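# Architecture and fold: a report
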Amino acid sequence: MARRQDGSRQGLLCLLGLLAAQLQPLLATTAQPSSASLSSRHSNNWAVLVSTSRFWLNYRHIVNTMSIYHVVKRLGIPDSNIILMIPDDMACNPRNPLPAQLFNNESRKLDVYGQDVEVDYRGYEVTVANFLQVLTGRHAPEVPLSRRMLSDNSSNVLVYLSGHGGDEFMKFNDVEELLAQDLADALAQMSEKGRFREMLLIVETCQAATLVQRVTAPNTILVACSQKGQQSLSFKSDPELGLSLIDRFTYQTLAFFENMDISSNEKLSDLFKTYSYDLMESHFSYRMTNTSRKPENVQLTDFFGAVADVRTGSQRGPQVRAWQPTICSTETKTRVVS
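From a predicted model like this one, the values you see are computed outputs, not experimental measurements. (Residues numbered from 1 in each chain as written. Predicted model: local features only at pLDDT ≥ 70, side-chain atom pairs only at ≥ 80, totals over all residues. Heavy atoms only, no water.)

With that settled, consider the pattern of salt bridges. Close approach of charged atoms allows side chains with opposite charge to pair. Within the structure shown, the criterion is met by 14 salt bridges. With a shortest N-O distance of 3.3 Å, Asp-116 and Lys-73 are connected by a salt bridge. One end of the pair, Asp-116, is in the loop between strand E2 (82–86) and strand E3 (121–122); the other, Lys-73, is in helix H2 (residues 59–74), with 43 residues separating them in the sequence. Salt bridges sharing partners connect three or more residues here, namely Lys-73, Asp-79 and Asp-116. (Salt bridge = Lys/Arg side-chain N within 4 Å of Asp/Glu carboxyl O. Helix = DSSP H or I, 4+ residues; strand = E, 2+ residues; numbered from the N terminus.)

Take a look at the structure:
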């Protein structure tokens, strides 16, 4: 009887060993990419752009976010890959003397609201809970796919936050706060779930560095416009609107992107060189949790554009004829078969 039990145990152990060997390659393919694997390019881009302030006096915070929205769309990221969160409709605010328009400069040459803006979360939908759910993907079943970030472990993700903040917090809709630890936990969950290959997080708020100081998730680049005890100052006032149009850090960022297009090779280090304390009156900072990466190795269009390498293997399968001639009267035309 004992021999039969020993034989059964050995058979079970052998079966478990075979099963583990078959599962190991599958688990390896679903793991978050390591620092070494970042030499390969990403396959898709996502952007989460958030203004956290409502009320007319915070016009500039929404213009900050809409200006970055304009940049990423111009550089190729489609609305389907952008999650835009705007807590107040400044373009249609009764106080706005320029209905359905938003400007970041007193010259009013560029309407950053435009004709085809797609806002995913507006008004009181811009909450800490909804923001964290967008990042982690932990939505209620009824949330439509158009309001979710459907990223994976080959995605480069840009997150931009603009609003009022303080020491290790950022205000949402003037009623609640995003805490530094909550943000750090959300990014750690994203990394564990393979929701990004690499992330660029930019924070435009007072004492911005304190909001990102607890982040330890791998392969994240953290950029803050101000240090502890420093303010994020406004810039460019419009006398007709009666308020400031934009914040200084975002203004300098936009000035750099004005001359960029989808084929530009500018690096993150080039952008950093343009940030001036004389204009911002605050010290920007950055931190890269992947210590093998340097700003001079990070191309800006890897996050602000939709640029990705497409490669095919050396072994090509049987080729399918992509078109067929169609006879119409005496002319020969070609028809593309999708």
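If you walk through the whole model with that rule in mind, you get ten aromatic pairs. Arranged with centres 4.8 Å apart and planes meeting at 65°, the rings of Phe-235 and Tyr-251 form a pair that is edge-to-face. Highlighted residues: Phe-235 in strand E10 (residues 234–238) and Tyr-251 in helix H6 (residues 248–257), separated in sequence by 16 residues. For Tyr-251, a relative accessible area of 24% gives the class partly exposed. Both rings, one in Phe-257 and one in Phe-304, keep their centres 4.5 Å apart while their planes meet at 45°; by these two values the pair is tilted. With a gap of 47 residues between them, Phe-257 in helix H6 and Phe-304 in helix H9 (residues 301–304) connect regions that are remote in the sequence. (Phe/Tyr/Trp six-rings, centres within 6.5 Å; stacked < 30°, edge-to-face > 60°. Buried < 20%, exposed > 50% of the residue type's maximum accessible area, 1.4 Å probe, protein only.)

Here we have three strands laid out as an open sheet, ordered E5-E6-E7, and antiparallel in their pairing. The sheet is open, and its two borders are formed by strand E5 (165–166) and strand E7 (176–179), each paired with just one other strand. Taken together, the two bridges between E5 and strand E6 (residues 169–172) define a ladder with antiparallel strand orientation. Among the inter-strand pairings, Gly-165 is bridged to a residue of E6, identified as Met-170. Each of E6 and E7 touches helix H3 (residues 128–136); the most contacted strand, E7, lies at about 35° to it. (Pairing = 2+ DSSP bridges. Contact = heavy atoms within 4.5 Å. Axes fitted to C-alpha atoms, helices over the stretch in contact; angles between N-to-C directions.)

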